[in-house]
Amino acid sequence: MEPTFKTHDVDWAEPLHQDYVGRPDLPVKVLGGQLDSDGRYLCFDAVLVNQAHEPIALGVRPKKVFVDAVNLAFHQLRTKPICYHLWGQSLSEVEPEWGAVQFLAANLLEFKDQTEEPLQREFQRHARNWSAETAHLSSETQIVLHPSYQRIIGMGPAALTFIFRDLQAEPKDWFWALNAITGEDPVDPSDAGNVSKIVDSWLRWGREHGYI
Amino acid sequence: MADLLSLFGNLTPQNHKVTSPETLNYNCVAWAAEDVYRRWWPSANSRIHYWPSGIPRQETVEVFVRAFVRLGYAPCDSRELEEGYQKVALYISSAGIPTHMARQMDSGKWTSKLGTLEDIVHESLECLEGKDYGSVFRILKRKRR
């Protein structure tokens, strides 16, 4: 199968933290990887970022690495796969290659920007801003009136695929936006406030309506 | 993990401690009400957040007070620890809109759920006052159960 490389801004990877990084306090962004025919990752490139979301390490999931695919990815980046062995090492062990890691991470970020559709880029930029600036809030008014959240609602149905993809990756407060865009509310009233049930209801709705 | 010190100007490494992982499963009001299974807010959309039945879904101080009166609380003047009583605090924005709630612990320190982030224990209510949470406007208390 010809490797294909897509990029996803995914905030998951808790197992990745636990198993390979040992730094559960740092977020991991998945930037790309080889997908199978069902759209699942066979392998992936990921970047470890600091609290300011600056890339500080880069790696490829070691247990399912397809070396040829990785090489192709780095060939596309016009550089060498010198850092794909980083997972599993401590950050201190990464230090000697710090400059190379930053270079690769920066190139991957650039690569990511070049391969995403403009609307997806806009969604992700607003979603990042919204999440960063409202995650510490409980006030629904403050959360949903954030300019980036309103901009995503303003994208209309075109945003639904991205919202559902984001919701699949991690529960986030997309419920108001989904309700506003679709005019639907598939959540059972008895599940009010129960996040896992609300997410399940919306994902079921998304599948039934072809957004997932 | 978010950088809490950059989000809350009064927070220091010495005056707070993170006590849980991040979760969307409950929020500050739910945490104040000791419910970790639902998010509480007087949302206009009645399915996104739980809110006690019969109490209006409006973001006003009165509505929040009524919800906690339902739980046995009554307004009081002091934020100091009182033997045998549990207290909660309501923060409001400069516009008078409720923004946050905290609950007093047996030690006299306070515990807060920070939106979708972690729970923390903080030395005082002032630790979370600032541009986003505003300031404490109301204290309520009830007998410890």
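The paragraphs below set out a description of the structure included in this document. (Residues numbered from 1 in each chain as written. Chains lettered and ligands numbered in written order. Predicted model: local features only at pLDDT ≥ 70, side-chain atom pairs only at ≥ 80, totals over all residues. Heavy atoms only, no water.)

1. Some words on the overall build of chain A
Inference 1: In terms of regular secondary structure, chain A is built from ten helices and four strands.
Inference 2: The secondary structure elements of chain A, listed N-terminal to C-terminal, are β-α-β-β-β-α-α-α-α-α-α-α-α-α.
Inference 3: Buried residues in chain A amount to 48% of all 212 residues.
Inference 4: Long-range pairs, those at least 24 residues apart, make up 50% of the contacts in chain A between residues at least 6 apart in sequence.
Inference 5: Of the roughly 10200 Å² that chain A leaves accessible, carbon and sulfur atoms contribute 50%. (Helix = DSSP H or I, 4+ residues; strand = E, 2+ residues; numbered from the N terminus. Buried < 20%, exposed > 50% of the residue type's maximum accessible area, 1.4 Å probe, protein only. Contact = heavy atoms within 4.5 Å. Areas by Shrake-Rupley, 256 points an atom, 1.4 Å probe, with all protein chains shown as cover.)

2. Observations regarding the nonpolar core
Inference 1: With 49 residues, the main nonpolar core has Ile163(A), Trp174(A) and Trp202(A) as its most contacted residues.
Inference 2: Among the elements that make up this core, the one with the highest residue count is helix 10 (residues 195-208) of chain A (six residues).
Inference 3: When sequence neighbours within four positions are dropped, the list of residues in contact with Ile163(A) reads Phe123(A), Ile152(A), Trp174(A), Ala177(A), Leu178(A) and Ile181(A).
Inference 4: Residues Ala30(B), Trp51(B), Val88(B) and Leu140(B) belong to the second largest nonpolar core, which totals 23 residues. (Core = buried A, V, L, I, M, F, W, Y, C linked by side-chain atoms within 4.5 Å.)

3. Some points on the side chain of Asp191(A)
Inference 1: Here Asp191(A) shows up in the loop between helix 9 (175-182) and helix 10.
Inference 2: Each residue touching Asp191(A), except ones within four places of it in the same chain, is listed here: Lys197(A), Ile198(A) and Arg47(B).

4. Here's the deal with helix 8 (residues 160-169) of chain A
Inference 1: Those residues of helix 8 of chain A that fall on the buried side of the exposure criterion are Leu160(A), Phe162(A), Ile163(A), Phe164(A), Asp166(A) and Leu167(A).
Inference 2: Structurally, helix 8 of chain A contributes buried residues whose contacts are with helix 5 (118-134), helix 7 (147-154), helix 9 and helix 10 of chain A.

5. Focus: the pattern of salt bridges
Residue and element names in this part refer to chain B.
Inference 1: Scanning all chains against the criterion turns up 13 salt bridges over all chains.
Inference 2: Among the salt bridges present, the one from lysine 141 reaches glutamate 82, with a minimum N-O distance of 3.0 Å. Separated by 59 residues along the polypeptide, lysine 141 in strand 7 (residues 135-143) and glutamate 82 in the loop between strand 2 (74-76) and strand 3 (85-92) bring together distant segments of the chain.
Inference 3: The partner of arginine 144 in a salt bridge is aspartate 106, with the nearest N and O atoms 3.0 Å apart. (Salt bridge = Lys/Arg side-chain N within 4 Å of Asp/Glu carboxyl O.)

6. Comments concerning empty space enclosed by the protein
Inference 1: The full count for this structure, using the stated rule, is five cavities of 30 Å³ or more.
Inference 2: Leu137(A), Ser138(A), Ile143(A), Asp173(A), Leu24(B), Tyr26(B), Asn27(B), Arg39(B), His49(B), Gly115(B) and Thr116(B) together form the lining of the largest cavity.
Inference 3: Tallied by class, the residues present in the lining of the largest cavity amount to four nonpolar, five polar and two charged. (1 Å grid on protein atoms, 1.4 Å probe; cavity = no way out; pocket = protein on both sides within 12 Å on 5 of 7 lines; lining within 4 Å. Points joined across faces, edges and corners; volume = space filled by probe spheres on them. Nonpolar A, V, L, I, M, F, W, Y, C, P; charged D, E, K, R; others polar.)

7. Concerning the packing of aromatic side chains
Inference 1: Summed over the entire model, instances satisfying the criterion amount to 18 aromatic pairs over all chains.
Inference 2: Ring centres 5.7 Å apart and planes at 10° place the aromatic pair Tyr149(A) and Trp174(A) in the stacked group. Residue Tyr149(A) is located in helix 7, and its partner Trp174(A) is located in the loop between helix 8 and helix 9; the two are separated by 25 residues in the primary sequence. Trp174(A) carries the same exposure label as Tyr149(A), and that label is buried.
Inference 3: Taken together, the aromatic side chains of Trp40(B), Trp41(B), Tyr50(B), Trp51(B), Phe64(B), Phe68(B) and Tyr73(B) make up a single cluster linked through ring pairs.
Inference 4: Its end group placed over the ring of Tyr50(B), Arg38(B) keeps NZ or CZ at 3.7 Å from the ring centre.
Inference 5: The cationic tip of Arg103(B) hangs over the ring face of Trp31(B); the distance from NZ or CZ to the ring centre is 4.8 Å. (Phe/Tyr/Trp six-rings, centres within 6.5 Å; stacked < 30°, edge-to-face > 60°. Lys NZ or Arg CZ within 6 Å of the ring centre and 35° of its normal.)

Keep in mind these values describe shape, not function.
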